[in-house]
Amino acid sequence: MPASAETAAFTVTNSWGSGYQASVVVSADSKITDWKVELTMPTGTSVINVWNATQAVSGSNYTFTPAGWNATIAAGATTEFGMIVNGTGRPTSCKVNGADCGLTTTPASPVGSSPAASPVPSKPVTVAPTTSSPSPTASVSPSRTTAPTTAPATTAPAASGTPLGVNGLLHVCGVNLCNQYNKAIQLRGMSTHGLQWFANCYTNASLDALANDWNADLLRIAMYVQEGGYETNPAAFTSQVNGLVDSAEARGMYALIDFHTLTPGDPNYNLDRAKTFFAAVSARNAAKKNVIYEIANEPNGVSWAGIKSYAEQVIPVIRANDPDAVIIVGTRGWSSLGVSDGSSSSEIIANPVKATNIMYTFHFYAASHKDNYRDEVTRAASSLPLFVTEFGTVSASGGGAVDTASSTAWLDLLDRLNISYANWTFSDADEGSGALKKGTCASGTFTGTSILTESGALLRSRIRTADNFPTS
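Cut-offs applied
Residues numbered from 1 in each chain as written. Predicted model: local features only at pLDDT ≥ 70, side-chain atom pairs only at ≥ 80, totals over all residues. Heavy atoms only, no water. Helix = DSSP H or I, 4+ residues; strand = E, 2+ residues; numbered from the N terminus. Buried < 20%, exposed > 50% of the residue type's maximum accessible area, 1.4 Å probe, protein only. Contact = heavy atoms within 4.5 Å. Areas by Shrake-Rupley, 256 points an atom, 1.4 Å probe, with all protein chains shown as cover. Pairing = 2+ DSSP bridges. Core = buried A, V, L, I, M, F, W, Y, C linked by side-chain atoms within 4.5 Å. Axes fitted to C-alpha atoms, helices over the stretch in contact; angles between N-to-C directions. Parallel < 35°, antiparallel > 145°, perpendicular 65-115°, else oblique. Left-handed = near helix turned anticlockwise from the far one by under 90°. Nonpolar A, V, L, I, M, F, W, Y, C, P; charged D, E, K, R; others polar. Salt bridge = Lys/Arg side-chain N within 4 Å of Asp/Glu carboxyl O. 1 Å grid on protein atoms, 1.4 Å probe; cavity = no way out; pocket = protein on both sides within 12 Å on 5 of 7 lines; lining within 4 Å. Points joined across faces, edges and corners; volume = space filled by probe spheres on them. Polar contact = N/O pair within 3.5 Å; in protein donor to acceptor, adjacent residues only side chain to side chain. Phe/Tyr/Trp six-rings, centres within 6.5 Å; stacked < 30°, edge-to-face > 60°. Lys NZ or Arg CZ within 6 Å of the ring centre and 35° of its normal. Expected span 1.5 Å × (residues − 1).

Draft legend 1. Main features of the overall build of the protein. Counting its regular elements, the protein contains eleven helices and 19 strands. For the protein, with 472 residues in total, the buried portion stands at 56%. Long-range pairs, those at least 24 residues apart, make up 76% of the contacts in the protein between residues at least 6 apart in sequence. Summed over its atoms, the accessible surface of the protein is roughly 16700 Å², and 51% of this surface lies on carbon and sulfur atoms.

Here is the structure:
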């Protein structure tokens with residue numbers, strides 16, 4: 001059939017200061033079994049993530065072809081794919097199956113604007129059809145109720161009896177993390193170290209050991225933003241995170257995506273990066289039931305008002321794609337509920353984040369943070385949904401000796417309060433907090449106790465105990 005019978009429409013569905021999210025809808029007058037969309041982006045603007053399509057890049061030219069499952073378009077039907085764009089420029093040219101789309105654009109959204117709550121933008125960019133037939137209506141951003149965000153085979157049912165298989169999609173009920181049966185549960189697992197340093201610690205073999213030898217419920221994916229992390233190569237780190245989400249899902253574990261900000265401590269420094277990253281991962285993973293979002297690791301040197309403002313700008317970006325996943329908000333004083341800043345959880349209770357289905361972060365290091373921190377957690381847990389997304393058995397530096405007594409007191413408290421946790425770290429870092437002995441990751445052997453440090457042995461023994469996941 002002639003190429004002019006296919007049409008495409010390009011629509012911006014969300015925008016922020018440093019980028020935007022867009023949807024491309026391809027339609028056909030008659031049935032086709034393949035399609036190709038070619039876009040040219042202006043200098044300084046690049047596509048950093050795509051879903052429902054395969055992307056090839058040559059300079060400023062981007063070619064998009066089917067993901068595999070969506071190659072065929074029936075007569076009069078459409079298919080949609082989406083993308084995250086770094087930069088504010090709109091496409092300068094477009095072809096669909098080799099024919100010129102005919103491109104019209106409108107000015108970019110003002111720099112610094114936050115993503116619109118509505119999935120339909122106020123200033124759409126449209127690629128006009130090459131025939132006189134009406135342009136297709138823009139679809140909303142991917143969500144659990146629209147087209148899958150990736151090929152269906154990548155979101156397989158979790159194995160029966162696994163944490164994910166039993167609990168399904170999680171949500172916040174009252175001050176608890178609850179499963180699909182609306183029963184309060186506790187997840188127990190491990191955090192990665194920085195992906196830029198310890199990628200060889202997160203292989204099929206190591207994740208098999210974490211799921212099957214440790215019986216872990218949760219993998220926290222710590223993606224540093226600075227220190228050689230995300231800001232150096234957004235596309236590569238986004239892809240690495242998505243790969244680990246898939247690996248956790250395949251093993252029936254939950255995946256906690258950690259936007260690991262530490263220095264600088266004010267999360268607003270990385271606001272635009274956060275919007276770009278979370279727009280990408282939430283769009284790509286919206287159909288999954290195992291994803292939890294941690295939007296700022298350890299805010300420090302910033303007020304609660306500043307943290308709250310950041311959260312209330314990032315959460316809508318995730319919700320535009322994924323309305324159902326649990327989102328975790330960092331707290332003041334290195335996520336100490338403010339205690340390390342001489343404050344307390346009372347400021348959060350008095351002025352909570354304006355969003356639903358959220359929890360608040362608490363971090364501790366057992367050798368440094370003791371009774372006064374435990375007392376604050378006990379008080380806060382009666383009013384706030386808490387998640388210990390990171391803790392160590394050693395000092396706050398990540399090093400030093402394991403404080404077994406304090407670590408045990410902390411774990412007993414978290415068990416009693418039904419608070420989920422991830423330990424720092426499932427790595428062979430040469431520091432007291434590393435769970436694996438130095439050289440383990442290079443060796444490729446991860447099962448058993450001979451490769452564990454003192455900290456690793458303590459955590460494995462706690463995590464391996466039977467979970468309590470009520471279903472009725």
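Don't stop here, the text continues.
Draft legend 2. Inspection of the sheet that holds strand β3 (residues 37-40) at higher detail. Spatial ordering of the open sheet is given by β5-β6-β3-β8-β9, a layout of five strands whose pairing is antiparallel. What marks the edges here is a single partner per strand, and that holds for β5 (53-58) and β9 (99-100). Where β5 and strand β6 (residues 61-66) come together, six bridges link them in antiparallel fashion. Residue pairing in the sheet places Val-57 in a bridge with Tyr-62 of β6.

Draft legend 3. Inspection of unusual backbone geometry at higher detail. The omega torsion of the bond from Thr-263 to Pro-264 falls at 0°, within 30 degrees of zero and hence cis. Tracing the backbone through its elements, the reader meets Pro-264 in the loop between β14 (254-260) and α4 (271-285). That bond from Trp-424 to Thr-425 is cis: its omega, 0°, falls within 30 degrees of zero. Relative to the helices and strands, Thr-425 is located in the loop between β19 (421-424) and α10 (440-443). The phi dihedral of Asn-182 falls on the positive side, at around 65°, and the residue is not glycine. For Asn-182, the position within the fold is in the loop between β11 (176-178) and β12 (188-191).

Draft legend 4. Spotlight on the pairing of β12. Inspection of the sheet shows β12 paired to β19 by four bridges, in the parallel sense. Following the sheet pairing, Gly-189 is matched in β19 by Ala-422. The sheet contact formed by β12 and strand β13 (residues 218-224) spans three bridges and is parallel. Looking at β13, one finds that Gly-189 is bridged to Leu-218.

Draft legend 5. Representation of the nonpolar core in the model. Grouped together as the largest cluster of nonpolar side chains are 93 residues, with contacts concentrated most on Phe-278, Ile-295 and Val-329. Filtering out sequence-adjacent residues up to four positions away, Val-329 remains in contact with Ile-295, Trp-304, Ile-307, Ala-311, Ile-315, Val-353, Ile-358, Met-359, Tyr-360 and Thr-361.

Draft legend 6. Summary view of the packing of α4 against helix α5 (residues 304-321). At their nearest, the axes of α4 and α5 sit 8 Å apart, and the two run at 20° to each other. The angle between the axes of α4 and α5 places the two elements in the roughly parallel class. When you trace α4 past α5, the crossing you get is right-handed. Note on element contacts: α5 touches α4 through Tyr-310, Gln-313, Val-314, Val-317, Ile-318 and Asn-321, opposite Leu-271, Ala-274, Lys-275, Phe-278, Ala-279, Ser-282 and Ala-283. Looking at the contact of α4 with α5 residue by residue, the classes come out as nine nonpolar, three polar and one charged.

Draft legend 7. Fine view of the pattern of salt bridges. Taken as a whole and judged by the stated rule, the model has 20 salt bridges. Two residues, Glu-294 and Arg-220, come together in a salt bridge whose shortest N-O distance is 3.0 Å. Within this pair, whereas Glu-294 is found in strand β15 (residues 291-294), its partner Arg-220 is found in strand β13, the two being separated by 74 residues in sequence. Within the structure, one salt-bridge network assembled from shared partners comprises Arg-220, Asp-258, Glu-294 and Glu-390.

Draft legend 8. Highlighting the layout of surface pockets. Of the voids in this model, the largest pocket is the one considered here, and its volume is about 350 Å³. Lining of the largest pocket is provided by 22 residues; of these, Leu-262, Glu-298, Tyr-365, Glu-390 and Ala-396 occupy positions nearest its centre. Looking at the lining of the largest pocket, the elements that each hand over two or more residues are α6 (332-335) and β17 (358-365). At three residues, the largest contribution of residues to the lining of the largest pocket is made by β17. When the residues that make up the lining of the largest pocket are grouped by side-chain class, the tally is eight nonpolar, ten polar and four charged.

Draft legend 9. Looking closely at the environment of Arg-374. Among the structural elements, Arg-374 can be located in helix α8 (residues 371-380). Remark: the alpha-carbon pair of Arg-374 and Ala-409, spanning 35 residues in sequence, is separated by 8.8 Å. Ignoring any residue separated from it by four or fewer positions in sequence, one finds Arg-374 in contact with His-369, Ser-406, Ala-409, Trp-410 and Leu-413. A polar contact of 3.1 Å, which involves the side chain of Arg-374, links it to the side chain of Ser-406.

Draft legend 10. How the structure looks around the packing of aromatic side chains. One pass over the full model with this rule turns up 17 aromatic pairs. A ring pair is formed by Phe-277 and Phe-278, whose centres lie 5.1 Å apart and whose planes are at 70°; its orientation type is edge-to-face. Taken together, Tyr-230, Phe-259, Phe-277, Phe-278 and Tyr-293 form an aromatic cluster joined through their ring pairs. It is Arg-90 that lies over the ring of Tyr-20; its NZ or CZ is 4.2 Å from the centre.

Draft legend 11. Highlighting the sheet that holds β15. An order of β12-β13-β14-β15-β16-β17-β18-β19 is seen for the eight strands of this closed barrel, with the pairing classed as parallel. Strand-to-strand, the axes of this sheet are offset by a mean angle of 25°, without reference to chain direction. Strand direction decides the pairing type here: β13 and β14, joined by seven bridges, are parallel. Residue pairing in the sheet places Tyr-224 in a bridge with His-260 of β14.

Draft legend 12. Quick look at helix α3 (residues 234-250). In this model, α3 (17 residues) spans 24 Å end to end at C-alpha, consistent with the 24 Å of a helix rising 1.5 Å per residue. When α3 is considered as a whole, its buried residues turn out to be Phe-237, Thr-238, Val-241, Asn-242, Leu-244, Val-245, Ser-247, Ala-248 and Glu-249. After α3 finishes, the residue Gly-252 shows a positive phi value of roughly 75°.

Draft legend 13. Spatial organisation of helix α11 (residues 454-463). Most of α11 sits out of view: seven of its ten residues are buried. Ser-455, Gly-456, Leu-458, Leu-459, Arg-460, Arg-462 and Ile-463 are the residues of α11 that are buried. Close packing links the buried residues of α11 with β12, α2 (204-213), β18 (386-392), α9 (404-417) and β19.

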